[in-house]
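# Analysis of the macromolecular model
One letter stands for each residue in the lines below.
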Amino acid sequence: MAISPQLELLAPLAGVLLALDDVPDPVFSSRLMGDGVCIDPTSQVLCAPLAGVVSNRQHTGHALSITHDTGVQVLLHIGLDTVNLGGAGFSALVVEGQRVEAGQPLIEFDADYLALNARSLLTLMLVISGDGFVALDADQGVVESGQPLLLVRPRELDVKPEVQGGEALHSAAQLLANPNGLHARPAGVLAQAAKSFDSVIYLHRQHETANAKSLVAIMALQTKYGDSVHLSAAGHDAQAAITALSHVLASGCGESVTSATLAPQPEPLVQQPVSDVLRGVCASAGAAFGHVVQVAACTLEVVENATDAPHERACLQDALAQADSQLQTLRDNASNTAQGDIFKAHQALLQDPSLLEHADELIDAGKSAGHAWRSATETTSTLFKSLGGQLLAERALDLDDVGQRVLKLILGVHDNTQVLPQHAILIAEQLTPSQTAALDTRKVVGFATVGGGATSHVAILARALGLPALCGVAPQVLTLANGTPVLLNADAGELHLQPDDALVERLEVQRVQLQQRRQHDVQHASLAACTRDGHTIEITANIASQAEAEQAMTLGAQGVGLLRSEFLYLERNSAPTHEEQVATYRAIADAVGPEHNLVVRTLDVGGDKPLTYVPMAHETNPFLGMRGIRLCLERPELLRDQLRAILASADLARLHIMLPMVTHVSELHEARRVLQDEAQRAGLVQLPKLGIMIEVPAAALMADVFAPHVDFFSIGTNDLTQYTLAMDRDHPRLASQADSLHPAVLRLIAHTVKAAHAHGKWVGVCGALASEPQAVPVLLGLGVDELSVSVPLIPTIKAQVRELDFNACTTLAEQVLGFESAQQVRAVLQPQSLVLEN
Ligand code: PEP
Ligand code: MG
């Protein structure tokens with residue numbers, strides 16, 4: 001553990017200081033959540049009391065926690081019972097996962113509104129992880145924002161490791177009856193109750209998990225009224241813990257819960273079922289039959305003490321440099337950007353100042369390079385794991401991976417190359433991104449892990465390698481003997497332990513057929529997408545990076561139909577400079593080449609896509625809020641900066657600018673004025689083409705009004721479906737109903753195409769429907785001129801078009817427009833029914 005000095009905590013606000021004992025709320029005054037101070041505020045901007053990562057921000061905007069690199073955690077809570085305001089009166093200035101400096105503004109609040117609508121404005125700063133707490137100014141009195149207020153010392157992390165093996169007990173699921181979910185107060189009560197048990201205890205909601213002894217981790221789950229949660233515990237008092245904590249949850253964790261319908265009755269304990277099928281979450285699609293190979297985590301022994309600090313420092317530097325060059329090679333060999341970006345992020349960790357400082361301090365204190373590096377990475381990683389939340393869990397895994405890579409180099413340990421049999425299905429607690437990238441796909445046919453998630457880096461790499469993979473499988477999988485025959489059906493989220501021969505055979509035949517078909521399509525990817533009766537359609541690519549642009553062109557793309565420009569900047573905390581933007585757009589334009597269209601969509605921020613450097617106020621309904629063009633017109637400097645860079649970088653003849661989320665015709669006019677203005681400033685005589693996305697039903701219905709003012713339309717079926725059917729596009733329980741083949745969506749597409757063609761304008765489809773082979777005949781039949789599809793599917797969709805008969809597609813489209821439901825539409829989309837007979 002680093003010998004860290006005491007940390008100074010600054011006053012987060014100006015105001016009058018009160019002792020915690022005087023706070024009229026027992027949860028705070030009893031110090032159940034932690035010790036700290038209370039301020040009756042006279043200022044209206046809450047600032048960071050210390051530097052660190054925003055480890056949790058409540059969606060209601062009234063509370064936030066910051067975790068310093070040493071593990072000190074501070075919870076800031078504005079007002080009492082302000083959770084009930086549902087976000088009104090608060091504007092967040094930072095996002096979860098963001099690194100902030102001491103003194104940086106975090107939340108702006110409307111004190112008048114709070115005074116009128118909440119119980120109290122009293123604001124709490126509580127140290128929820130930290131020791132040796134000293135108040136610098138014990139007197140009650142007036143404080144200024146930023147004034148040093150407390151001293152705390154980091155504490156040894158008391159986080160226990162994850163449960164290994166299959167002995168965890170699980171409670172029955174309960175529906176949360178707390179009106180605002182487990183926000184700070186109930187989370188504090190639950191965490192406190194959990195701490196009285198020795199067992200390792202987790203709170204689960206769907207696939208998310210939080211350490212039940214960590215207040216911040218529970219808050220980070222952002223649970224809501226009615227959420228289904230359950231507990232798991234492992235240890236000698238697991239049963240008692242589950243029983244007691246189920247009751248704590250059922251009784252509202254200190255809050256009065258009155259809803260009779262939701263009042264949960266703790267049910268008897270259930271042991272994880274032992275069955276022939278283990279379930280998990282699909283991380284990478286596909287199916288494979290093979291034999292179990294357990295991948296054990298490798299433990300490296302390090303000597304703790306050393307006498308020659310300069311030598312240890314040189315060892316560490318040397319290992320860091322070697323690790324950097326290994327990662328560079330992995331980046332260079334990456335088959336797509338997503339893969340390359342993972343190793344780029346690992347390279348950045350090698351330069352992380354706080355990790356390096358931490359290791360340096362330990363070397364100064366007489367520790368070996370290996371011990372210092374391991375301690376630095378493990379401390380931060382353990383902390384991130386304890387906090388809960390997908391983002392920090394991902395970072396923890398990356399840190400473990402980089403930590404191990406450098407440690408092996410320091411110790412001179414070479415990767416033990418386990419001799420693998422053919423058709424190996426790897427089973428592991430967790431695979432690291434490095435292990436995944438190094439898998440020998442001639443022998444490994446798939447893998448299943450206990451940890452990980454469908455959006456993890458390991459999942460991205462598995463997809464890039466074309467390996468079926470499951471994550472989140474029960475720990476029981478770790479007890480399977482090497483050599484056990486198993487069938488991994490990732491598509492169905494299942495690992496069959498005793499697969500029957502017929503099933504194995506069927507899946508194997510399908511896999512081989514798909515592989516052969518894919519090879520054939522790739523070989524013919526440069527051919528045009530022309531139906532057998534001579535109707536041609538453009539097949540372009542949906543991309544989010546330069547590497548994807550390059551890959552798309554090699555796979556036969558006829559240009560880029562959608563550049564999701566916001567994805568170019570997702571990993572940043574600060575806005576890109578003009579030069580950076582120009583370089584990015586120019587590189588993409590060069591990759592696409594002068595003969596093809598490049599459709600750049602302007603920033604589509606908001607909704608499910610927050611950009612760290614564009615802080616936004618919390619919205620109850622972000623998909624119906626400040627998204628896309630609305631946000632850009634409200635902050636025109638964002639749009640201007642982007643347009644200036646695009647205009648400076650691409651060939652205007654092929655450049656198409658596309659506006660997202662357009663609802664009103666006036667938005668198009670306003671954006672066009674900005675574009676004209678920027679073109680004039682740049683001395684351009686020619687304007688690029690300007691079009692809009694059709695993803696709001698209003699725009700589809702008004703397509704005839706929009707059409708004279710645009711050069712093209714591109715239909716975003718993902719959003720058009722969610723807004724037409726009033727179903728959140730990410731809602732797990734509505735996923736099967738939110739079908740873009742619903743006749744209502746198809747009618748809007750038909751209407752748009754008709755209106756556009758009447759004005760001589762072309763229409764593309766760039767939503768996921770265009771990448772769905774089953775939907776292609778319908779879209780073709782509706783008269784769509786371009787399909788912009790996800791990069792790997794370009795050869796498949798082109799090949800499919802070449803097998804179709806356009807006249808049959810037109811008849812089919814007319815027919816399905818009259819259907820009642822998406823199921824009826826799907827029922828007639830038999831793969832072969834539209835292929836011309838020879
Ligand atoms: C769409 O909504 O269909 C679309 C292409 O945009 P995005 O998925 O980026 O919101
Ligand atoms: Mg969209």
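Given the structure is predicted, the values throughout are model-derived calculations rather than measurements.

Let us look at the overall build of the chain. Of the regular secondary structure elements, the chain holds 26 helices and 36 strands. Taken across its 838 residues, the chain has 54% of its residues classed as buried. In the chain, the proportion of contacts linking residues at least 24 apart, taken out of those at least 6 apart, comes to 71%. Only carbon and sulfur atoms are counted for the fraction: they give 52% of the accessible area of the chain, which is about 35200 Å².

Our focus in this paragraph is the sheet that holds strand β26 (residues 469-471). On the basis of which strands lie adjacent, the open sheet formed by eight strands has the order β21-β28-β27-β23-β24-β25-β26-β22 and mixed pairing. Strands at the two margins of the open sheet, each flanked by one partner only, are β21 (277-279) and β22 (281-284). Shown here is a sheet whose adjacent strand axes are inclined to one another by a mean of 30°, direction ignored. Pairing geometry for strand β23 (residues 287-294) and strand β24 (residues 424-428), over four bridges, is parallel. Within β24, the position partnered with V293 by the bridge is L426.

I539, I543, I692, F713, L746, I749 and L787 are the most contacted members of the largest nonpolar core, which totals 97 residues. For this core, the element with the highest residue contribution is helix α22 (residues 743-758), accounting for eight residues. In this structure L787 touches I537, E538, I539, T540, V765, A770, V776, L779 and I797, once residues within four positions along its chain are discounted. Counting 42 residues, the second largest nonpolar core, distinct from the first, contains F28, I201, L245 and L249.

Attention shifts here to helix α24 (residues 794-802). Of all nine residues in α24, eight are buried; the element is thus mostly enclosed. Within the sequence span of α24, burial applies to I794, P795, I797, K798, A799, Q800, V801 and R802.

The next point concerns the site of ligand 1. The full set close to ligand 1 counts 15 residues, and R564, R601, G716, N718 and R729 are the nearest of them. One nitrogen or oxygen atom from the side chain of E695 is found 3.0 Å from an oxygen atom belonging to ligand 1. The separation between an oxygen atom of ligand 1 and a polar side-chain atom of D719 is 3.0 Å. When the free accessible area of ligand 1 is taken as 290 Å², the share hidden by the protein chains comes to 99%. Of all the secondary structure elements, the ones that give two or more residues to the shell around ligand 1 are β30 (559-564) and α21 (717-725). Per-element tally for the shell around ligand 1: the top contributor is α21, with three residues.

The next thing to look at is the coordination of the magnesium ion (ligand 2). Here the magnesium ion (ligand 2) is held by the protein donor atoms E695 (OE) and D719 (OD), which lie 2.0 to 2.2 Å from it. Taken as a pair, E695 in the loop between β33 (689-694) and α19 (697-701) and D719 in helix α21 lie far apart in primary sequence, 24 residues in all. Judged on exposure class, the residue E695 and its partner D719 are both buried.

A word on the packing of helix α14 (residues 546-554) against helix α15 (residues 578-592). Where α14 meets α15, the closest approach of the two axes is 9 Å, and the angle between their N-to-C directions is 5°. One element, α14, and the other, α15, form an angle in the roughly parallel class. Here α14 contributes Q546, A549, E550 and M553 to the contact with α15, which in turn contributes A587, I588, A591 and V592. Considering only residue class, the contact of α14 with α15 consists of six nonpolar, one polar and one charged.

Even without a glycine there, the phi angle at H423 is positive, about 55°. With respect to the element layout, H423 can be found in the loop between α10 (390-411) and β24.

All chains considered together, the criterion is met by 23 salt bridges. The closest approach of N and O atoms between R119 and D25, which form a salt bridge, is 3.1 Å. Here the residue R119 occupies a position in the loop between α2 (111-117) and β11 (123-129), and D25 occupies one in the loop between β2 (15-18) and α1 (26-29), the gap between them amounting to 94 residues. Taking the relative accessible area as the measure of exposure, R119 reaches 44% and is therefore partly exposed. A network of salt bridges, in which partner residues are shared, links E566, R601, D604, R627 and D719.

This next bit is on the packing of aromatic side chains. Overall, the coordinates contain one aromatic pair when judged by the stated rule. Geometrically, the ring pair formed by F712 and W762 is stacked, given 4.9 Å between the ring centres and 10° between the ring planes. With F712 in strand β34 (residues 712-715) and W762 in strand β35 (residues 762-765), this residue pair connects regions lying 50 residues apart in the sequence. The class of W762 is partly exposed, set by a relative accessible area of 24%.

On to the side chain of S771, then. With respect to the helices and strands, the residue S771 is situated in the loop between β35 and α23 (776-781). Under the relative-accessibility criterion, S771 is labelled buried at 13%. Among the polar contacts made by the side chain of S771, one reaches the main-chain amide nitrogen of S790 at a distance of 3.0 Å. What S771 contacts, discounting residues up to four positions off in sequence, is V789, S790, L793 and I797.

Moving on, we get to the pairing of β23. Of all eight residues making up β23, six are buried, and the element is well covered by its neighbours. Pairing geometry for β23 and strand β27 (residues 485-489), over five bridges, is antiparallel. Paired with H291 across the bridge in β27 is P485.

This part covers the sheet that holds strand β7 (residues 73-77). Spatial strand order, β9-β5-β6-β7-β11-β3-β2-β13: eight strands in an open sheet with antiparallel pairing. Pairing within the sheet leaves two strands with one partner each, and these edge strands are β9 (99-100) and β13 (142-143). Where strand β6 (residues 63-67) meets β7, five bridges bridge the pair, whose relative direction is antiparallel. By the bridge assignment, T67 is partnered in β7 with Q73.

Procedures and definitions
- Residues numbered from 1 in each chain as written.
- Chains lettered and ligands numbered in written order.
- Predicted model: local features only at pLDDT ≥ 70, side-chain atom pairs only at ≥ 80, totals over all residues.
- Heavy atoms only, no water.
- Helix = DSSP H or I, 4+ residues; strand = E, 2+ residues; numbered from the N terminus.
- Buried < 20%, exposed > 50% of the residue type's maximum accessible area, 1.4 Å probe, protein only.
- Contact = heavy atoms within 4.5 Å.
- Areas by Shrake-Rupley, 256 points an atom, 1.4 Å probe, with all protein chains shown as cover.
- Pairing = 2+ DSSP bridges.
- Axes fitted to C-alpha atoms, helices over the stretch in contact; angles between N-to-C directions.
- Core = buried A, V, L, I, M, F, W, Y, C linked by side-chain atoms within 4.5 Å.
- Near = heavy atom within 4 Å.
- Polar contact = N/O pair within 3.5 Å; in protein donor to acceptor, adjacent residues only side chain to side chain.
- Donors = N, O, S within 2.8 Å, 3.2 Å for Na, K, Ca; no water.
- Parallel < 35°, antiparallel > 145°, perpendicular 65-115°, else oblique.
- Nonpolar A, V, L, I, M, F, W, Y, C, P; charged D, E, K, R; others polar.
- Salt bridge = Lys/Arg side-chain N within 4 Å of Asp/Glu carboxyl O.
- Phe/Tyr/Trp six-rings, centres within 6.5 Å; stacked < 30°, edge-to-face > 60°.

None of the figures reported here should be taken as evidence of function without further support.
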